[in-house]
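The lines below spell out each chain.
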Amino acid sequence: MLAPTADAIAATVEKANAALTLLGFGASVNSNDVKISGSQLGAGYGISAPAMVKALRLMASREGLLLDPVYGGKAFAGLLADISAGRFEAGANVLFIMTGGSPGLYAYASDFLGAES
């Protein structure tokens, strides 16, 4: 089950501010700074989606980084969709935080076997 958007935003703000404090930054994040989109959720949590498979293959082939399919893969697919939609200005700095999770790939191995590059 997915957390309601308001709960997800509140949790994100809390974690972002904790990280900023830990790193010694004086800045803070508020709920207006956080945008949550379910555009890459596909059929649901933990269910493979074609855009996620494509995003994982792209990251692995271009950067040698293995994203987890449940969170990182769908988040990166969302970032790619936002870039394609022109949601960032040319030359803008964009930070994608990879949190690991490559062991999760084993559970989705059949989604990647024979997939196109």
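In what follows, the structure referred to is the one given above.
This write-up is about the structure you can find in this document. Positions within a chain are numbered from 1, following the residues in the order the chain's sequence is written. Since the coordinates come from a predicted model, pLDDT governs what is reported: local features require at least 70, and pairs of side-chain atoms require 80 or more to be given and counted, while whole-chain, interface and lining totals use all residues. Side-chain numbers come from the whole structure's heavy atoms, not from hydrogens or water.

Here's the deal with the packing of helix H2 (residues 50–63) against helix H3 (residues 72–84)
Here's step 1: For helices, the fitted axis covers only the stretch in contact; all axes are lines through C-alpha atoms, and the angles between them, taken along N-to-C directions, range from 0 to 180 degrees. Strands here are runs of E lasting at least two residues and helices are runs of H or I lasting at least four, both read from the DSSP assignment and numbered beginning at the N terminus. It is at 8 Å that the axes of H2 and H3 come closest, and there the two elements cross at 90°. On the basis of the axis angle, H2 is roughly perpendicular to H3. Contacts between H2 and H3 involve Ala51, Met52, Ala55, Leu56, Leu58 and Met59 from the former and Gly73, Lys74, Phe76, Ala77 and Leu80 from the latter.
Here's step 2: When residues are sorted by character, Ala, Val, Leu, Ile, Met, Phe, Trp, Tyr, Cys and Pro go into the nonpolar class, Asp, Glu, Lys and Arg into the charged class, and all the rest, Gly among them, into the polar class. When its residues are assigned to classes, the contact of H2 with H3 shows nine nonpolar, one polar and one charged. Roughly parallel means an angle under 35 degrees; roughly antiparallel means over 145; roughly perpendicular covers 65 to 115; every other angle is labelled oblique. We call two residues in contact when some of their heavy atoms are within 4.5 Å.

Details of helix H1 (residues 5–22)
Here's step 1: Expected span, for any helix, means 1.5 Å times one less than how many residues it has. Between its terminal C-alpha atoms H1 stretches 26 Å, which fits the 26 Å expected from 18 residues at 1.5 Å a residue.
Here's step 2: The complete set of buried residues in H1 reads Ile9, Val13, Asn17 and Leu20. Projected down its long axis, H1 carries its buried residues within an arc of 60°, all on one side. Turned more than 90 degrees away from the buried face of H1 sit Glu14, Lys15 and Leu22, all of them exposed.
Here's step 3: Positive phi appears at Gly24, one or two residues downstream of H1, with a value of about 85°. Think of it in three bands: with a 1.4 Å probe and only protein chains considered, a residue is buried below 20% of the maximum accessible area for its type, exposed above 50%, and partly exposed in between. Relevant arc is that of directions from the helix axis to the C-beta atoms, nothing else.

Some points on H2
Here's step 1: If you check H2, its first and last C-alpha atoms are 20 Å apart, about what 14 residues at 1.5 Å a residue would give, namely 20 Å.
Here's step 2: Among all positions of H2, only Met52, Val53, Ala55, Leu56 and Met59 are buried. The buried residues of H2 occupy one face: seen down the axis, they fall within an arc of 165°. Looking at H2, the residues exposed on the side facing more than 90 degrees away from the buried face are Pro50, Lys54, Ser61 and Arg62.
Here's step 3: Contacts from the buried residues of H2 go to H3 and helix H4 (109–112).
Here's step 4: Downstream of H2 by one or two residues, Gly64 has phi in the positive range, about 70°.

Notes on the nonpolar core
Here's step 1: Of all hydrophobic cores here, the largest spans 14 residues; its most connected members are Met52, Leu56, Leu67, Phe76 and Phe112.
Here's step 2: Elements with a contribution of two residues or more to this core: H2 and H3.
Here's step 3: It is H2 that contributes the most residues to this core, five residues altogether.
Here's step 4: Those residues in contact with Phe112 that lie beyond four places of it in its chain are Met52, Val53, Leu56, Arg57 and Leu105. We call a set of buried Ala, Val, Leu, Ile, Met, Phe, Trp, Tyr and Cys residues a nonpolar core when their side-chain atoms join them within 4.5 Å.

A word on the packing of aromatic side chains
Here's step 1: Stacked, tilted and edge-to-face are the three classes applied to pairs of Phe, Tyr and Trp rings, where Trp contributes its six-membered ring and a pair requires centres within 6.5 Å; stacked means planes under 30 degrees apart, edge-to-face means over 60, and tilted covers the rest. Applying the stated criterion across every chain, the model contains two aromatic pairs.
Here's step 2: Ring plane angle 65° and centroid distance 5.2 Å describe the contact between Phe76 and Phe96, whose orientation is recorded as edge-to-face. Of the two residues, Phe76 sits in helix H3 while Phe96 sits in the loop between H3 and H4, which places them 20 residues apart along the sequence.

What to know about the environment of Tyr45
Here's step 1: Along the chain, the position of Tyr45 falls in the loop between H1 and H2.
Here's step 2: As a C-alpha pair, Tyr45 and Lys74 span 29 residues in sequence and 9.8 Å in three-dimensional space.

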